[in-house]
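The chain contents come next:
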Amino acid sequence: MRTFFNILGIIKWLGLIGIIGFITDNKPLSLFFLFFLLGFVDIFRNPAVFLQSLYMLLGMPWIHFKHRFNLPSIDNYTPQTDFILPFSGEWLVVNGGIDKQTSHSWGIPNQRYAYDFFIVDAEGKSFSGDNKVVENYYCYGKDVLAPADGEVVSAVNKHPDSNVYGNGTAECKAHDIRGNHIIIRHSKKKYSLIAHLKPGSITVKKGQRVTQGQVIANCGNSGNTTEPHIHFQVSESKNFFASASLPIKFKNVIVKENSKTRTEGYISRGQLVQNGG
Ligand SMILES: [Zn+2]
């Protein structure tokens, strides 16, 4: 089923050729637009999520344009080290980094510097027992912390958890790919987003001030996710779809890397990380 819908995703892209056909008044090319309509089968599956995919698609060129095709990077943007990891204890960086190789999704500018985290055991497994039960994942229900001081600008707490299939399948049950999520404004151009939170676990409200390290929710599996994890990113604005994500330099971070530890810096995929004391 999943492959089928992935193919539909590609088909939609072919539809863009059709739009070029219309613009250039080229009839054979215009026929490609039929592919776009075919891709609309998604609308019946989850209309809200389909619309979000469309926003994301439109947001991509917009973000590039806004930055004059020079997106924020560690070369042209100096992050302040005012963030801590949004959890306690040691977690694995499943996805994310500051370069193309480790990035959460380099080609998608609104999530280029996003991170996914979960907890693993000594064997590298993220669950024990039946992998189709969300509660069996080590990180499920764990506290989520405010990564820095700020004001909550969005706290969405109405989505159910998605099912876990244990085979990498993501089936978004929510009407938002982020599921339950919190957006915190730290400064004029710095907003953090923490997504896939556990239903009913959010303890903060829009407009509320939070302090770094404060418990604000629990880790869950809501939204477009294959298994419980924390998705964390920092963006230029609260508009997830139309703003560039920013590289994050953590303060007081303990990174296990060849048995060395460091107290500040960038983290990337495959590292075990935790907040320092
Ligand atoms: Zn993610």
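For the structure, check the block above.
One structure accompanies this document, and this report is about it. For every chain, the first residue of the written sequence is number 1, and numbering continues from 1 onward in sequence order. For this predicted model, a pLDDT threshold of at least 70 governs which residues receive local features, and a threshold of 80 or more governs which side-chain atom pairs are given and counted, while totals over whole chains, interfaces and linings are taken from all residues. Excluded from the side-chain calculations are hydrogens and water; all other atoms, namely the structure's heavy atoms, are used.

For the rest of this paragraph, the subject is the coordination of the zinc ion. Protein-derived coordination of the zinc ion comes from His104 (NE2), Asp116 (OD) and His231 (ND1), at a distance range of 2.1 to 2.2 Å. Mapping the donors of the zinc ion onto the primary sequence gives the spacing H-x11-D-x114-H. Highlighted residues: His104 in the loop between strand 1 (91-95) and strand 2 (115-118) and His231 in strand 9 (residues 230-235), separated in sequence by 127 residues. The burial state of His104 is the same as that of His231; both residues are buried. Donor atoms: N, O and S within 2.8 Å of the metal, or within 3.2 Å for Na, K and Ca. Because water is excluded, sites can look incomplete. Strands are runs of DSSP state E lasting at least 2 residues, helices are runs of H or I lasting at least 4, and numbering of each runs from the N terminus. The buried label goes to any residue with under 20% of its type's maximum accessible area, the exposed label to any with over 50%, and the partly exposed label to all in between, with areas taken from a 1.4 Å probe on protein chains only.

Between the rings of Phe, Tyr and Trp (Trp by its six-membered ring), a pair exists once the centres lie within 6.5 Å; its type follows the angle of the planes, with under 30 degrees stacked, over 60 edge-to-face, and the other angles tilted. Enumeration over the complete set of coordinates arrives at eleven aromatic pairs. Between Phe87 and Trp91, the ring centres sit 4.5 Å apart and the planes meet at 25 degrees, which makes this aromatic pair stacked. Here Phe87 and Trp91 have matching classes, each one buried. Between Phe240 and Phe241, the ring centres sit 5.0 Å apart and the planes meet at 75 degrees, which makes this aromatic pair edge-to-face. When sorted by exposure, Phe240 lands in the same class as Phe241, which is buried. It is Arg112 that lies over the ring of Trp106; its NZ or CZ is 3.9 Å from the centre. Across the ring face of Phe127, the terminal group of Lys125 is positioned such that the distance to the ring centre comes to 5.0 Å. In this scheme, Lys NZ or Arg CZ marks a charge over a ring once it lies within 6 Å of the ring centre and within 35 degrees of the ring normal.

Glancing now at helix 5 (residues 47-66). Multiplying 1.5 Å by the residue count of a helix minus one yields the expected span of that helix. In a regular helix each residue adds 1.5 Å, so 20 residues correspond to 28 Å; helix 5 covers 28 Å between its end C-alpha atoms and thus fits that length. In this analysis the local bend is the angle between axes fitted, respectively, to the seven residues ending at and the seven residues starting at the residue. At Gly59, helix 5 is bent by approximately 30 degrees, the largest bend along its length, and proline Pro61 sits one to four residues beyond. Within helix 5, the full set of buried residues consists of Val49, Phe50, Gln52, Met56, Gly59 and Ile63. Arg68 sits one or two positions beyond helix 5 and adopts a positive phi of about 50 degrees.

Another aspect to go through is the pattern of salt bridges. Basic side-chain nitrogens of Lys or Arg form a salt bridge, by our definition, when they fall within 4 Å of a carboxyl oxygen of Asp or Glu. Scanning the model with the defined rule gives three salt bridges in all. Residue Asp82 pairs with Lys190 through a salt bridge whose shortest N-O separation is 3.3 Å. Within this pair, whereas Asp82 is found in the loop between helix 5 and strand 1, its partner Lys190 is found in strand 6 (residues 190-197), the two being separated by 108 residues in sequence. The exposure class of Lys190 is buried, given its relative accessible area of 7%. Of the charged contacts in the structure, one is a salt bridge between Lys256 and Glu90, with a shortest N-O distance of 3.1 Å.

Further remarks concern the environment of Ala242. Within the fold, Ala242 resides in the loop between strand 9 and strand 10 (250-251). On the basis of relative accessibility, which here comes to 18%, the residue Ala242 falls in the buried class. Each C-alpha atom of the pair Ala242 and Pro109 lies 9.0 Å from the other, and the pair is 133 residues apart in sequence. Residue contacts are counted whenever heavy atoms from the two residues lie within 4.5 Å of one another. Sequence-distant contacts of Ala242, that is, excluding residues within four places in its chain, are made with Trp62, Ile63 and Lys66.

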